[in-house]
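# Architecture and fold: a report
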Amino acid sequence: MIRARAHISSLAAYALADLSVTGGAEPVSLAQNESADRPSPNAISAASRAARRGELYPDPDWQDLRRAIAEVHGVEAQSILCGAGSMELIGALIRAYAGPGDEVLSTSLAYAFFRTATALSDAAYVAAAEEEMTVSVDAVLAAVSPRTRVVCVANPGNPTGTRVPRAELVRLREGLPPDVLLVIDEAYGEFADHLDEPVFDLCQRGDTVVLRTFSKAYSLAGMRVGWGVFPAAIAREVRKILNPNNVSAASQAAAAAAMRDQAHMRETVSVTVARRDGFARHLARIGVEAGPSATNFLLLRFSDAAEAKSADDALRGGGILMRGMGGYGLPECLRATIGSAEAMETAGSLLTDWTRKERSR
Ligand SMILES: *Cc1c(COP(=O)(O)O)cnc(C)c1O
């Protein structure tokens, strides 16, 4: 018998979205927080131009992409690392800084991949309680132990959609021991940039990394490009773990062009936010609770798991796939990505019908 190492074989397969439907309707996925909008046309043509030289390996240093990011965000190009999605960067960071006997600390409703990446490093995962589905800096600080090596915070959070202000992240950093790495995952940062000052400056301290992605606001989830601002010493270590040609030439070209088309990204964000807020108002009218969100999704909250399951069945019957939250310990919730206007219309009317039936029972 060929056996994988124990910390790998004991791991469950990563829980991807259930994309099955029951009715005959053409399924629409609102399950993976993908953008409802198409990528920038410039990104599409840049990718196809790059594909013409597909016989060559990509630039291992992502130079043009880093230049584009540096220009837009006012950070040093040398401080940026790019990954095949920000997931690759999260995995590499945890692998570089935590192993057996170490703890990775996050929060109870944090992005599930933090836990997976910790298990892959054979380190222990510790989750500080959130308060009202929001990161509590006090609870995180109280959970720090001598074994804590890395603290991961997604801000805004997924699946919660909530965020803490910059001042709270600064307070967290200042309260952490200087030998604990803080990873701030801003996968939805572009949806919250208008609310606060950026936190990239925290990376200059030497103990903090800020991650972003092209998968959400830039509509490039399929191209797999993430990036982050790293202190030099941390970048040096993480770089050793990344595959030397981790981001394909087409993906680098698409991401650089998308970054240079800020107008397209802003438009995606503003259309998504308007549609999200409209959907939230509809939910309030029909008596379905949804939390505040600074992202491209809403967390719907039903009275219990059975009710959430019944709503999910009704939505699936009409071809709308939301994400069940049982894996997060929130079986009474469904996470709804904000999709096209048509998809949100359909989701809204399926839920209206469902509430009528549910209440007449
Ligand atoms: C979507 C998401 C990511 C990962 O995205 P990539 O596609 O790997 O860049 C990371 N963190 C959070 C919180 C996310 O929701």
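Here we summarise the structure given alongside this text. What you see is a predicted model, and the numbers here were worked out from it, not measured in a lab.

Taken together, the four strands give an open sheet; going across it, the order is 9-10-13-12, and neighbouring strands pair in antiparallel fashion. Only two strands of the sheet have a single partner each, and these edge strands are strand 9 (289–290) and strand 12 (323–324). As paired elements, strand 12 and strand 13 (residues 333–337) share two bridges and run antiparallel to each other. For G324, the partnering residue across the bridge sits in strand 13 and is L334. Here helix 10 (residues 262–285) sits on the sheet and contacts strand 9, strand 10 (297–301) and strand 13; the angle it forms with strand 10, its principal contact strand, is near 15°.

Of all hydrophobic cores here, the largest spans 86 residues; its most connected members are L65, L93, F214, W227 and F230. When residues in this core are grouped by element, the largest group, six residues, is from helix 9 (residues 249–260). If you look at the next biggest cluster of nonpolar residues, it comprises 22 residues, including L283, I286, L300 and A343.

Okay, the environment of P331 next. Relative to the assigned elements, P331 resides in the loop between strand 12 and strand 13. If we ignore the near neighbours within four places in the chain, the residues touching P331 are A305, A308, M325 and G326.

Okay, the state of the cysteines next. The final tally for this structure, using the stated rule, is zero disulfides. Unpaired in this structure, C82 has its nearest cysteine sulfur neighbour in C203, at a distance of 14 Å. No disulfide involves C203; its sulfur sits 14 Å from the nearest other cysteine sulfur, which is in C152.

A few words now on the site of the ligand. With respect to spatial proximity, the complete set of residues near the ligand consists of G85, S86, M87, Y111, N158, D185, A187, Y188, T213, S215, K216 and R224. Between an oxygen atom of the ligand and a main-chain N or O atom of S86, the distance comes to 2.6 Å. S215 has a polar side-chain atom sitting 2.6 Å from an oxygen atom of the ligand. Alone, the ligand offers 380 Å² of accessible surface; in the complex the protein occludes 94% of this. Here the shell around the ligand is composed, by residue class, of four nonpolar, five polar and three charged.

In this section: helix 7 (residues 166–175). Along helix 7, the residues classified as buried are L169, V170, L172 and R173. End-on, the buried residues of helix 7 take up no more than an arc of 160°, which puts them together on one face. In helix 7, the exposed positions angled more than 90 degrees off the buried face are occupied by A167 and E174.

Turning next to the pattern of salt bridges. This model, assessed by the stated rule, comprises 19 salt bridges. For R53, the salt bridge is made with E55, and the minimal N-O distance between the two is 2.7 Å. Classification of R53 by relative accessible area gives partly exposed; the value is 48%. We note a salt bridge from R149 to D179, for which the minimum N-O separation is 3.3 Å. Here the residue R149 occupies a position in strand 5 (residues 148–154), and D179 occupies one in the loop between helix 7 and strand 6 (181–185), the gap between them amounting to 30 residues. Overall, D179 belongs to the exposed group, its relative accessible area being 54%. Residues joined in a network through salt bridges with shared partners are E186, E190, D193, R212 and R266.

Rules used in this analysis
Residues numbered from 1 in each chain as written. Predicted model: local features only at pLDDT ≥ 70, side-chain atom pairs only at ≥ 80, totals over all residues. Heavy atoms only, no water. Pairing = 2+ DSSP bridges. Helix = DSSP H or I, 4+ residues; strand = E, 2+ residues; numbered from the N terminus. Contact = heavy atoms within 4.5 Å. Axes fitted to C-alpha atoms, helices over the stretch in contact; angles between N-to-C directions. Core = buried A, V, L, I, M, F, W, Y, C linked by side-chain atoms within 4.5 Å. Buried < 20%, exposed > 50% of the residue type's maximum accessible area, 1.4 Å probe, protein only. Disulfide = S-S within 2.5 Å. Near = heavy atom within 4 Å. Polar contact = N/O pair within 3.5 Å; in protein donor to acceptor, adjacent residues only side chain to side chain. Areas by Shrake-Rupley, 256 points an atom, 1.4 Å probe, with all protein chains shown as cover. Nonpolar A, V, L, I, M, F, W, Y, C, P; charged D, E, K, R; others polar. Arc of directions from axis to C-beta. Salt bridge = Lys/Arg side-chain N within 4 Å of Asp/Glu carboxyl O.

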